[in-house]
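# An overview of the molecular structure
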Number of protein chains: 2
Amino acid sequence: MARTKSIHNRAELIEEAAVELFSRYGYERTSIEDIAKHLGIGKGSVYLEFRTKEEILMRVVEKHALKIQAMMDERTENIKGSPLESLKETFLMCALMVYDYVTRDFHTPEALLYTSLQFKPRFSAFYVRKRERVLKFLKRAAEAGEISPRKANEKTAITFLMGAASLFPPYFNNYTESEQRMTRDELEQSAKALLKILVDGLRESNK
Amino acid sequence: MARTKSIHNRAELIEEAAVELFSRYGYERTSIEDIAKHLGIGKGSVYLEFRTKEEILMRVVEKHALKIQAMMDERTENIKGSPLESLKETFLMCALMVYDYVTRDFHTPEALLYTSLQFKPRFSAFYVRKRERVLKFLKRAAEAGEISPRKANEKTAITFLMGAASLFPPYFNNYTESEQRMTRDELEQSAKALLKILVDGLRESNK
DNA sequence: TTTTTGACCAGATTTTGTTTTTAGTCAATT
DNA sequence: AATTGACTAAAAACAAAATCTGGTCAAAAA
């Protein structure tokens with residue numbers, strides 16, 4: 001007699017278990033068998049859903065990236081007043097979201113997205129998408145007459161992202177006295193000040 | 001009969017040999033004895049000039065930092081036109097200077113100044129001094145009426161430095177397509193664009 | 001017949017024990 | 001008084017053995 005699939009959302013359960021275990025123990029120190037045991041299934045079953053361990057990681061990171069992207073999309077679509085002001089607020093929110101993810105547990109796989117040189121090339125799609133969101137903001141700003149249309153290009157988006165890079169991990173806080181990692185409050189203050197200058201700069205470059 | 005010191009500038013010679021060998025082989029892979037042999041002196045003599053190996057490294061890095069600082073000082077004193085324009089040019093020059101140092105040979109001890117998490121706390125003085133230079137520029141800009149005097153403070157200097165951080169090592173070039181390390185030309189283009197926005201932002205914040 | 005499993009394997013990683021290197025000292029030498 | 005290099009303790013490099021783990025697949029379960 002034909003056997004029916006016992007669990008339908010197995011892939012999803014594996015993802016959830018992976019988030020849990022990767023966050024607690026880190027990616028390298030979590031084995032496929034750990035994940036299987038955690039769910040009470042056989043190791044082989046994991047490989048019925050994912051081809052490799054890395055694929056699980058990528059899926060987990062992807063999920064996180066999509067959350068942030070969704071937030072950005074939502075805000076890109078519903079711009080009320082000034083697009084540039086909206087860009088500023090969005091990036092502040094984005095920086096804080098990432099901070100919360102990463103500091104909740106430093107082993108969180110999302111941290112890899114920002115810190116791992118090894119995986120960085122694999123995440124390029126994420127960065128490209130982020131760049132596209134910024135470009136969208138710039139185009140809206142051009143439509144609203146806040147910046148010159150010829151400034152609403154990819155190059156300007158990259159420049160903006162480079163300027164804002166220090167608001168994302170790894171947090172190299174060289175110029176402040178404080179020894180240890182930035183606090184959430186420090187980040188918020190820095191982000192506000194830096195984003196203000198960057199956005200004002202975009203505006204000014206108009207003239 | 002009392003013996004006289006055979007070499008007067010021994011400390012200096014040791015520094016020069018250290019730069020040479022550290023650059024070629026790296027800090028860890030250069031031993032004190034290597035340095036001594038390179039100069040044809042005894043190992044113990046090195047310790048008559050320096051207390052530890054790390055002290056030699058710090059001296060070497062210090063020397064490099066002083067060179068960059070001297071450049072900045074020279075430009076701070078001789079501001080012809082707009083202080084903000086001068087700040088922009090100075091930072092472009094600074095970024096390129098550092099790039100040349102660091103890429104000449106990746107083992108160059110100066111690279112540590114920017115890349116080593118281990119040594120970073122030891123170099124805080126360098127960063128503070130750099131911050132002070134920026135502050136000086138801001139004060140001159142305030143005097144010239146380019147920015148509001150209340151903006152010529154430490155906090156703004158830090159914000160500016162954070163914004164310009166991606167122009168210095170380690171070069172995290174996330175948002176560009178290119179896989180490998182930034183070329184000098186790419187850096188120059190990026191630096192010009194980013195510094196323009198930052199400086200324009202400082203000016204705009206005035207209003 | 002289809003789904004699930006865990007024993008199995010090769011390669012990577014960790015551990016353990018040994019050897020070599022080296023930062024720093026100091027009694028002997030110049 | 002100035003200089004040296006043999007010396008030491010600790011660290012680093014290395015090698016060998018033991019363990020772990022990503023991925024496979026024939027067999028078991030349904």
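Treat the numbers as computed from the prediction; the structure is a model and nothing was measured.

## Some remarks on the interface of chain A and chain B
Each side of the interface is counted separately: chain A has 35 residues, and chain B has 35 residues. Between chain A and chain B, a total of about 3,400 Å² is buried, with carbon and sulfur atoms accounting for 64% of that surface. Of all residues in chain A, Met162, Tyr175 and Ile197 of chain A bury the most surface against chain B, accounting for 24% of the area lost on that side. Where chain A meets chain B, there are zero salt bridges. Secondary-structure elements contributing two or more residues to the side of chain A that touches chain B are helix 7 (124-143), helix 8 (154-164) and helix 9 (184-204) of chain A. A total of eleven residues in the side of chain A that touches chain B trace back to one element, the largest contributor, which is helix 9 of chain A. A class-by-class count of the residues in the side of chain A that touches chain B yields 16 nonpolar, eight polar and eleven charged.

## Quick notes on the pattern of salt bridges
Scanning the model with the defined rule gives 34 salt bridges over all chains in all. Ionic pairing is found between Arg203 of chain A and Glu85 of chain A, a salt bridge with its closest N-O pair at 3.4 Å. Placement of the pair is Arg203 of chain A in helix 9 and Glu85 of chain A in helix 5 (residues 83-104), with a sequence separation of 118 residues. Take Arg203 of chain A: its relative accessible area is 21%, and that puts it in the partly exposed class. Linking Asp73 of chain B and Arg133 of chain B is a salt bridge whose minimum nitrogen-to-oxygen distance equals 2.5 Å. Within this pair, whereas Asp73 of chain B is found in helix 4 (residues 53-77), its partner Arg133 of chain B is found in helix 7 (residues 124-143), the two being separated by 60 residues in sequence. The class for Arg133 of chain B is buried, based on a relative accessible area of 13%. Taken together, the shared-partner salt bridges in this structure form one network comprising Glu85, Lys88, Glu146, Lys196, Asp200 and Arg203 of chain A.

## Let's talk about the environment of Leu167 of chain B
By the element assignment, Leu167 of chain B lies in the loop between helix 8 (154-164) and helix 9 (184-204). Judged by its relative accessible area of 0%, Leu167 of chain B falls in the buried class. Setting aside its immediate chain neighbours within four residues, Leu167 of chain B contacts Met162 of chain A together with Ala95, Leu187, Ser190, Ala191, Leu194 and Leu195 of chain B.

## Considering the packing of helix 1 (residues 10-25) of chain B against helix 2 (residues 32-39) of chain B
A packed helix pair is summarised by two numbers, namely the angle formed by the two axes and the spacing between the axes. Residues and elements named next belong to chain B. Between helix 1 and helix 2, whose axes approach to 10 Å, the crossing angle comes to 115°. Considering how the two elements wind past one another, helix 1 and helix 2 form a crossing that is right-handed. Judged by residue contacts, Leu13, Ile14, Ala17, Ala18, Glu20, Leu21 and Phe22 of helix 1 engage Asp34, Ile35, His38 and Leu39 from helix 2.

## Focus on the relation of the copies chain A and chain B
If you rotate chain A by 180° and push it 0.1 Å along the axis, it lands on chain B with an RMSD of 0.2 Å. Taken together, the rotation and translation relating the two chain copies correspond to the operation of a two-fold axis. Proximity to the rotation axis, assessed at the C-alpha, singles out Gly201 of chain A in chain A; its C-alpha lies 1.7 Å from the axis. The fraction of interface residues of chain A whose copies in chain B are also interface residues reaches 100%, indicating that both copies meet through the same surface.

## Focus on the side chain of Thr76 of chain A
Residues and elements named next belong to chain A. In this fold, Thr76 is placed in helix 4 (residues 53-77). For Thr76, a relative accessible area of 0% gives the class buried. In terms of polar contacts, Thr76 uses its side chain to reach the backbone carbonyl oxygen of Met72, at 2.4 Å.

## Considerations on the domain arrangement of chain A
All names here are of chain A. For chain A, the domain assignment lists domain 1 (10-49) and domain 2 (58-204). A straight line from the C-alpha centre of domain 1 to that of domain 2 covers 31 Å. Between domain 1 and domain 2, the contact holds ten residues from the first and eight residues from the second. Carbon and sulfur atoms supply 59% of the area that domain 1 and domain 2 bury against each other, a total of about 800 Å² over both sides. When residues of domain 1 are sorted by the area they lose upon contact with domain 2, Glu15, Val19 and Ser23 head the list and together hold 55% of the total.

Procedures and definitions
- Residues numbered from 1 in each chain as written.
- Chains lettered and ligands numbered in written order.
- Predicted model: local features only at pLDDT ≥ 70, side-chain atom pairs only at ≥ 80, totals over all residues.
- Heavy atoms only, no water.
- Contact = heavy atoms within 4.5 Å.
- Buried area = accessible area lost by both parts, 1.4 Å probe.
- Salt bridge = Lys/Arg side-chain N within 4 Å of Asp/Glu carboxyl O.
- Helix = DSSP H or I, 4+ residues; strand = E, 2+ residues; numbered from the N terminus.
- Nonpolar A, V, L, I, M, F, W, Y, C, P; charged D, E, K, R; others polar.
- Buried < 20%, exposed > 50% of the residue type's maximum accessible area, 1.4 Å probe, protein only.
- Axes fitted to C-alpha atoms, helices over the stretch in contact; angles between N-to-C directions.
- Left-handed = near helix turned anticlockwise from the far one by under 90°.
- Least-squares fit on C-alpha atoms with pLDDT ≥ 70 in both.
- Polar contact = N/O pair within 3.5 Å; in protein donor to acceptor, adjacent residues only side chain to side chain.
- Domains from an automatic or database assignment.

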